[in-house]
Amino acid sequence: MSRRPLGQLEAEVLAALAGLGGAASTAELVERLDGDPAYTTVNTILHRLHEKKLVSRTRAGRHYRYRLAVDESELVAGRMRDHLRHASDPGNVLNRFARSLSAEEARKLREFLDPPEAGG
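How each quantity is defined
- Residues numbered from 1 in each chain as written.
- Predicted model: local features only at pLDDT ≥ 70, side-chain atom pairs only at ≥ 80, totals over all residues.
- Heavy atoms only, no water.
- UniProt positions renumbered as here; feature names shortened; annotations may be inferred.
- Core = buried A, V, L, I, M, F, W, Y, C linked by side-chain atoms within 4.5 Å.
- Buried < 20%, exposed > 50% of the residue type's maximum accessible area, 1.4 Å probe, protein only.
- Helix = DSSP H or I, 4+ residues; strand = E, 2+ residues; numbered from the N terminus.
- Contact = heavy atoms within 4.5 Å.
- Expected span 1.5 Å × (residues − 1).
- Arc of directions from axis to C-beta.
- Salt bridge = Lys/Arg side-chain N within 4 Å of Asp/Glu carboxyl O.

The name an unreviewed UniProt entry assigns to the protein is Putative transcriptional regulator, from the organism Actinomadura citrea. According to UniProt, the comment filed for the protein under the heading Sequence similarities (unreviewed entry) is "Belongs to the BlaI transcriptional regulatory family."

### As for the nonpolar core
Counting residues in each nonpolar core, the largest one holds 17 residues, and the members touching the most others are V13, L17, L29, V42, L46 and L49. When residues of this core are traced back to their parent elements, those giving at least two are α1 (6-20), α2 (26-32), α3 (39-51) and β3 (63-68). The greatest single-element share of this core, amounting to 5 residues, is contributed by α1.

### With respect to the side chain of S25
Mapped onto the secondary structure, S25 falls in strand β1 (residues 24-25). Among all residues touching S25, those that are not within four sequence positions of it are Y64 and R65.

### Brief notes about unusual backbone geometry
Backbone geometry at D36 places phi at a positive 55 degrees, although glycine is not the residue there. Overall, the relative accessible area of 64% leaves D36 in the exposed class. If you check the backbone angles, K53 has positive phi at about 65 degrees while not being a glycine. Mapping K53 onto the fold places it in the loop between α3 and β2 (55-60).

### A word on α3
Along an α-helix, a turn takes 3.6 residues, which lines up residues three or four apart on a common side. Between its first and last C-alpha atoms α3 spans 18 Å; for 13 residues at 1.5 Å apiece the expected length is 18 Å, and the two agree. Every buried residue of α3 is accounted for by V42, I45, L46 and L49. Down the axis of α3, the buried side of the element spans an arc of 100 degrees, and every buried residue falls inside it. Along α3, the residues that are exposed and aim more than 90 degrees away from the buried face are T40 and E51. Just downstream of α3, K53 is the residue with a positive phi angle, here 65 degrees.

### Side note on the pattern of salt bridges
Applying the stated criterion to the full structure yields 5 salt bridges. Put simply, R85 and D82 hold a salt bridge, and the shortest N to O gap is 2.7 Å. Residue R85 and its partner D82 are both found in helix α4 (residues 72-86); the two are separated by 3 residues, about one turn of the helix. Note that E104 is salt-bridged to R107, the shortest N-O span being 2.4 Å. You can see E104 and its partner R107 sitting in helix α6 (residues 103-113), 3 residues apart, about one turn around the helix. Its relative accessible area of 40% is what places E104 among the partly exposed residues. For R107, a relative accessible area of 35% corresponds to the partly exposed category. Several salt bridges converge on common partners, so that one network encompasses E104, R107 and E111.

Right, here's the structure in full:
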């Protein structure tokens, strides 16, 4: 089994929580994640995300239930901006990103970039 970067697993856990739309236990999240990550690994990630104030938690018996404490789209967009900010050629990065989009993703991006004129 190949190891993924820690940041990737954090992003996957946040996406799984966002997909659930509510609170989840560590065990429930382990079931939703690809690659069969260890329970203890996911629990550690959740603890770190809680320390970063990206998730909130409530006690449920001996365990916690976790819930997203931030807007996922805002968080991901911020990460994308950070990557662009640190790229030596942000235009080339944007070009490669845009070319990697599916037809549906490209259509949605065009809608955001070129909204219809109001009253036109």
